[in-house]
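As a plain string of letters, each chain reads:
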Amino acid sequence: MGATARIGIIGGAGWLGTSIADSVLAAGVAAEQDLTLSYRSSRPDRLPHAHWTSDNQQVVDRSDVVILSVRPQDWSPGLFDAKGKLLISVMAGIRLSALVSAHGSERVVRALPNAAAEVQHSYTPWLPSPSVNADDRTIVSRIFAACGDEDEVQSESDLDYLTGLTGTGPAYPALLAAAMMKDAIAHGLSPAIAQRAVVATMIGAGHLFERKPDCPGDIVGRFVDYRGVTAAGIEQMRAAGFDTAVAKGLAAALRKSVSMGDAS
């Protein structure tokens with residue numbers, strides 16, 4: 001496969017399909033004229049040099065790599081025949097065996113980008129079927145590196161766990177941010193100042209994590225050892241069950257991921 005690839009996105013008008021298309025174009029993984037994207041209702045008013053269609057099989061026929069980006073509840077085995085193509089599913093839960101059986105391709109990859117793909121900061125774990133070759137792995141890595149960071153994982157159990165950990169994207173940090181904002185407003189700060197303070201703190205933390213190799217646990221430990229204001233807050237949160245609540249939430253997300261796969 002050359003420097004650019006013919007990429008098709010089934011569900012290319014959706015949020016995630018749009019994010020992946022924009023990312024691969026920005027990174028030079030594909031040229032706009034080599035993209036084929038499907039839509040369900042009306043053709044989007046964007047990417048005028050790409051080929052848009054409401055026919056999913058046409059997406060497959062015009063592409064070397066097919067990205068299946070639909071909601072799991074909208075997926076069905078009869079959507080298209082992908083025999084001879086590299087098929088990448090970004091649906092949560094749907095097993096490799098189900099995808100191989102449903103779409104006729106032995107070269108199948110399960111991947112799980114998150115919402116930060118929209119700004120090229122997703123973390124995407126991906127799992128190939130046994131028939132996926134070295135060239136296939138290279139293009140999969142390039143596609144998801146364009147969306148942020150990516151890793152090939154070793155099992156579907158790894159992917160199930162990461163579905164609930166990283167597939168949630170900004171949801172868990174947003175949950176913490178919302179709780180911090182609520183408390184700040186309760187203590188008399190205006191909503192505007194509370195939001196700016198919390199968002200700036202979250203963004204600053206993200207940049208520090210990105211630039212420093214430190215383990216998050218080590219960072220927490222240093223704050224606790226300093227015995228200051230931050231240590232007091234951390235210790236009270238932990239005493240109130242913070243770590244346990246996180247573990248229970250991740251366990252619930254894992255159960256949901258596994259049950260979605262079992263249903264397929």
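Residues numbered from 1 in each chain as written. Predicted model: local features only at pLDDT ≥ 70, side-chain atom pairs only at ≥ 80, totals over all residues. Heavy atoms only, no water.

S.K.: Before we go on, may I ask you to explain the overall build of the protein chain in this structure?
M.R.: Check the secondary structure of the protein chain and you find 10 helices and eight strands. For the C-alpha atoms alone, the extent of the protein chain along its principal axes is close to 60 × 35 × 35 Å. When burial is assessed residue by residue, the protein chain has 39% of its 264 residues classed as buried. The contacts in the protein chain between residues at least 6 apart in sequence include a share of 53% that link residues at least 24 apart. (Helix = DSSP H or I, 4+ residues; strand = E, 2+ residues; numbered from the N terminus. Buried < 20%, exposed > 50% of the residue type's maximum accessible area, 1.4 Å probe, protein only. Contact = heavy atoms within 4.5 Å.)

S.K.: Whenever I open this one, the sheet that holds strand 4 (residues 65-68) confuses me. Can you help?
M.R.: Within a beta sheet, neighbouring strands are joined by backbone hydrogen bonds and run either parallel or antiparallel to one another. Read across the sheet, eight strands follow the order 3-2-1-4-5-6-7-8 without closing on themselves; strand pairing throughout is mixed. Looking along the sheet, the strands with just one partner apiece sit at the ends: strand 3 (51-53) and strand 8 (148-152). Geometrically, the sheet is characterised by an average inter-axis angle of 20° between neighbouring strands, direction not taken into account. Here helix 1 (residues 15-26) sits on the sheet and contacts strand 1 (7-10), strand 2 (35-38) and strand 4; the angle it forms with strand 2, its principal contact strand, is near 170°. Lying on the sheet, helix 3 (residues 96-103) is in contact with strand 4, strand 5 (86-89), strand 6 (108-111) and strand 7 (122-128); it crosses strand 6 at an angle near 135°. (Pairing = 2+ DSSP bridges. Axes fitted to C-alpha atoms, helices over the stretch in contact; angles between N-to-C directions.)

S.K.: How should I be thinking about helix 6 (residues 171-186) in this particular structure?
M.R.: Note: α-helices contain 3.6 residues per turn, so residues at a spacing of three or four share the same orientation. With 16 residues, helix 6 should reach 22 Å at 1.5 Å per residue; the first-to-last C-alpha distance of 22 Å fits that figure. Buried within helix 6 we find A177, M181 and A184. Buried residues along helix 6 cover an arc of 60° about the axis, so they all sit on one side. Exposed side of helix 6, more than 90 degrees from the buried face: L175, K182 and A186 are the residues found there. Where helix 6 is buried, its residues contact helix 7 (191-211). (Expected span 1.5 Å × (residues − 1). Arc of directions from axis to C-beta.)

S.K.: Quick question: what am I supposed to make of the layout of surface pockets here?
M.R.: Over the atoms, a rolling probe the size of a water molecule traces out where space has been left empty. Approximately 600 Å³ is the volume found for the second largest pocket. Taken together, 27 residues make up the lining of the second largest pocket; nearest its centre are G11, G14, S69, V70 and R71. Top contributing element to the lining of the second largest pocket by residue count: helix 1, with three residues. Grouping the constituent residues of the lining of the second largest pocket by class yields 14 nonpolar, 10 polar and three charged. (1 Å grid on protein atoms, 1.4 Å probe; cavity = no way out; pocket = protein on both sides within 12 Å on 5 of 7 lines; lining within 4 Å. Points joined across faces, edges and corners; volume = space filled by probe spheres on them. Nonpolar A, V, L, I, M, F, W, Y, C, P; charged D, E, K, R; others polar.)

S.K.: How do you make sense of the nonpolar core when you look at a structure like this?
M.R.: The nonpolar side chains of a soluble globular protein tend to be buried, and buried together. Counting residues in hydrophobic clusters, the biggest one holds 31 residues, and the most contacted among them are I7, I20, L35, I88 and I143. Counting residues per element, the ones that place at least two in this core are strand 1, helix 1, strand 2, strand 4, strand 5, strand 6 and helix 4 (134-145). Non-local contacts of I20, meaning those with residues more than four positions away in its chain, are made with I9, I67, V90, I143 and C147. Listed in part, the 21 residues of the second largest apolar core include W75, F80, M91 and V108. (Core = buried A, V, L, I, M, F, W, Y, C linked by side-chain atoms within 4.5 Å.)

S.K.: Just to check I follow, could you spell out a nonpolar patch on the surface for this structure?
M.R.: On the surface, L176, M180, M237, F242 and V246 cluster together into a nonpolar patch covering about 400 Å² of accessible area. Secondary structure elements with two or more residues in the nonpolar patch: helix 6 and helix 10 (242-263). Positionally, F242 belongs in helix 10. (Patch = residues over 30% accessible without salt bridge, like charges linked within 9 Å, V, L, I, M, F, W, Y side chains within 5 Å. Areas by Shrake-Rupley, 256 points an atom, 1.4 Å probe, with all protein chains shown as cover. Salt bridge = Lys/Arg side-chain N within 4 Å of Asp/Glu carboxyl O.)

S.K.: Would you explain the packing of helix 8 (residues 216-226) against helix 9 (residues 229-239) in this entry?
M.R.: The relative placement of two packed helices is expressed as an angle between their axes plus a distance between the axes. Two elements in contact, helix 8 and helix 9, have axes whose closest approach is 7 Å; the angle formed by their N-to-C orientations is 115°. Judged by the inter-axis angle, helix 8 sits roughly perpendicular to helix 9. Helix 9 is crossed by helix 8, and the crossing has left-handed handedness. For the pair formed by helix 8 and helix 9, the contact residues are V220, F223 and V224 on the first element and T230, A231, I234, E235 and R238 on the second. (Parallel < 35°, antiparallel > 145°, perpendicular 65-115°, else oblique. Left-handed = near helix turned anticlockwise from the far one by under 90°.)

S.K.: Hey, could you run me through the environment of V258 in this one?
M.R.: Mapped onto the secondary structure, V258 falls in helix 10. Along the chain, V258 and R95 lie 163 residues apart, while their C-alpha atoms are 9.6 Å from each other.

S.K.: Help me out: how do you make sense of the pairing of strand 2 in this one?
M.R.: Both faces of the sheet carry side chains from a regular strand, because those side chains alternate between them. Residues L35 and L37 line one face of strand 2 and the alternating positions T36 and S38 line the opposite face, and both faces are buried. As paired strands, strand 1 and strand 2 are joined by three bridges and run parallel to one another. Residue pairing across strands places G8 opposite T36, the latter belonging to strand 2. In this fold, strand 1 hands off to helix 1, which returns the chain to strand 2; that crossover is right-handed. Where strand 2 and strand 3 come together, three bridges link them in parallel fashion. In the sheet register, L37 faces strand 3, and the bridge partner there is W52. (Right-handed = clockwise from strand over helix to strand, strands pointing away.)

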